[in-house]
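Coordinate analysis (summary)
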Amino acid sequence: MLRGKKILLGITGSITAYKSILLLRCLLKEGAAVKIILTPSAKNFVTPLTLATLSKNEVLVELFDEATWANHVMLGRWADIMIIAPLSCNTLAKMAQGHCDNLLLATYLSATCPVIVAPAMDEDMWHHPSTKNNLNTLATFGHKIIPVDKGELASGLVGDGRMAEPEAIITFIKKHFFTPSILKGKKALVTAGPTYEPIDPVRFIGNHSSGKMGIAIANELHEQGADVTLILGPVMTNNLALPNVNIIDVNTAAQMYAACMGIYQDVDICIMAAAVADYTPIEVASQKIKKAENDFSISLTRTKDILLALGENKKQNQVLVGFALETVNEKEYAKGKLEKKNADMIVLNSLNDNGAGFGLETNKITIFTRSGQELNFEAKSKSMVAKDIIDTIIRFHYV
């Protein structure tokens with residue numbers, strides 16, 4: 001799949017740079033042509049001689065010396081893909097701010113090809129707000145960011161920050177750049193997060209949904225080529241980096257219903273991952289309700305059932321997917337929901353399963369299809385769960 005592809009590999013100053021040698025071997029084994037640029041500090045971790053011997057290309061470090069000048073513009077135009085692995089915290093900050101003080105950065109700023117980065121740093125650096133802001137900035141540029149792994153770090157700590165393994169990087173490149181986009185041209189609608197039903201100006205009825213599952217689904221749909229609209233409840237997510245997804249922010253169940261019905265007839269795929277409130281207060285106080293001596297009660301009324309309404313208006317070629325979060329009789333409720341709501345698939349989450357539930361980075365699902373299949377999946381990251389869901393939709397409806 002990578003045979004004949006031109007890869008520009010940037011290596012920065014990180015102890016993880018030894019993995020770049022293994023990544024180079026993997027790229028060459030796949031049949032790619034690879035040119036390499038090191039930052040000056042990267043020479044402390046890997047030698048140009050080793051990389052040049054393997055790649056059979058001169059390894060570049062300096063923008064110029066007394067006799068020659070490296071043509072960074074042509075380097076940036078030569079490549080089909082530029083990948084920086086490892087990406088150090090320092091180079092990340094420089095890329096986000098547009099600094100240009102070495103050959104790698106000059107080439108990066110001149111590159112006309114897609115850019116992929118594989119960060120590597122210690123856990124505290126990885127979780128620092130400035131690092132997150134810089135990564136979000138790169139995402140808004142359209143760059144692909146390969147998630148870090150968790151494990152033993154150079155500091156001796158165990159945590160997030162390890163660069164992805166070379167084999168995982170190769171898989172990422174193939175998936176995102178050289179795999180046919182099966183859903184290209186399809187329009188998708190995803191809902192995510194909770195709804196907040198106001199009691200008065202400062203209080204509301206809500207739930208613990210983080211929106212992470214729906215956000216991951218929206219991202220995966222985009223990666224598979226779909227044109228995605230995400231209707232997002234009030235999640236606690238700062239600087240959400242989904243530059244290629246149209247986001248509609250809502251607060252209440254009524255607002256989410258209106259937003260869904262407004263675009264539903266124009267979409268091919270609809271995935272309802274939001275945790276929508278079933279009830280909302282009949283009356284909303286105009287001022288903050290003061291504490292009283294006696295018990296206090298609120299009269300509630302049912303909200304509109306969004307999934308049911310979409311199922312009643314579903315066109316022949318639309319794919320409608322709902323979620324069921326259950327605690328007892330999980331399978332029976334999920335199968336009943338599949339039939340009652342006229343859905344094509346129901347994704348079951350059970351709060352009794354380890355690794356599933358609100359706010360976690362992982363999820364464990366079972367998918368029930370209209371044709372009678374029950375598909376069970378192990379607990380895994382929500383991004384991988386999203387891939388399982390989209391792959392199942394493609395398998396049953398587009399292959």
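Look above for the structure.
Residues numbered from 1 in each chain as written. Predicted model: local features only at pLDDT ≥ 70, side-chain atom pairs only at ≥ 80, totals over all residues. Heavy atoms only, no water.

Here we look at the packing of aromatic side chains
In this structure the tally under the stated criterion is one aromatic pair. An angle of 15 degrees between the planes, with centres 3.8 Å apart, marks the rings of Y196 and F204 as stacked. You can call F204 partly exposed: its relative accessible area is 43%. Cation over ring: K35 sits above W78, and NZ or CZ is 4.6 Å from the ring centre. Lying across the ring of Y279, R302 places its NZ or CZ 5.6 Å from the centre. (Phe/Tyr/Trp six-rings, centres within 6.5 Å; stacked < 30°, edge-to-face > 60°. Buried < 20%, exposed > 50% of the residue type's maximum accessible area, 1.4 Å probe, protein only. Lys NZ or Arg CZ within 6 Å of the ring centre and 35° of its normal.)

Remarks on the layout of surface pockets
Of the voids in this model, the second largest pocket is the one considered here, and its volume is about 1,100 Å³. Looking at the second largest pocket, it is lined by 42 residues, and the ones nearest its centre are A274, A275, V276, F323 and K337. Elements with a minimum of two residues in the lining of the second largest pocket: β8 (187-192), α9 (212-223), α11 (306-312), β16 (319-326) and α12 (330-340). Counting residues per element, the lining of the second largest pocket draws most heavily on β16, at five residues. Residue classes in the lining of the second largest pocket are distributed as 18 nonpolar, 14 polar and ten charged. (1 Å grid on protein atoms, 1.4 Å probe; cavity = no way out; pocket = protein on both sides within 12 Å on 5 of 7 lines; lining within 4 Å. Points joined across faces, edges and corners; volume = space filled by probe spheres on them. Helix = DSSP H or I, 4+ residues; strand = E, 2+ residues; numbered from the N terminus. Nonpolar A, V, L, I, M, F, W, Y, C, P; charged D, E, K, R; others polar.)

Topic: the sheet that holds strand β20 (residues 374-376)
Pairing is mixed in the open sheet, where eight strands are placed in the order β12-β11-β8-β13-β16-β17-β19-β20. Pairing within the sheet leaves two strands with one partner each, and these edge strands are β12 (246-249) and β20. Adjacent strand axes in the sheet meet at a mean angle of 15 degrees when their direction is disregarded. Both strand β13 (residues 269-272) and β16 contribute to a ladder of four bridges, which runs parallel. Each residue of the ladder has a partner; that of I271, found in β16, is V321. Sheet contacts for α9: β8, β11 (227-232), β13 and β16; angle to β8, the most-contacted strand, approximately 165 degrees. Across the sheet, helix α13 (residues 382-397) touches β13, β16, β17 (345-350), β19 (365-369) and β20, and the angle it forms with β19 is around 15 degrees. (Pairing = 2+ DSSP bridges. Axes fitted to C-alpha atoms, helices over the stretch in contact; angles between N-to-C directions. Contact = heavy atoms within 4.5 Å.)

Let's talk about the pattern of salt bridges
Under the defined criterion, the tally for this structure stands at eleven salt bridges. Taking the shortest distance from any N to any O, the salt bridge between E223 and K144 comes out at 3.0 Å. On the criterion of sequence distance, the pair formed by E223 in helix α9 and K144 in strand β5 (residues 144-145) is long-range, its members being 79 residues apart. Each member of the pair, E223 as well as K144, carries the same accessibility label: buried. Each of the salt bridges in this network shares a partner with another, and the network as a whole consists of K19, R162 and E165. (Salt bridge = Lys/Arg side-chain N within 4 Å of Asp/Glu carboxyl O.)

Section: unusual backbone geometry
Omega for the peptide link from A85 to P86 comes to 0 degrees, which places this bond in the cis form. Backbone geometry places N342, a non-glycine residue, at a positive phi of 60 degrees. With respect to the element layout, N342 can be found in the loop between α12 and β17.

Some remarks on the state of the cysteines
Counted under the stated rule, the structure contains zero disulfides. The thiol of C89 is not disulfide-bonded; the next cysteine sulfur, from C100, is found 19 Å away. The partly exposed category is assigned to C89, whose relative accessible area is 21%. Free cysteine: C100, not disulfide-bonded; nearest cysteine sulfur from C113 at 16 Å. (Disulfide = S-S within 2.5 Å.)

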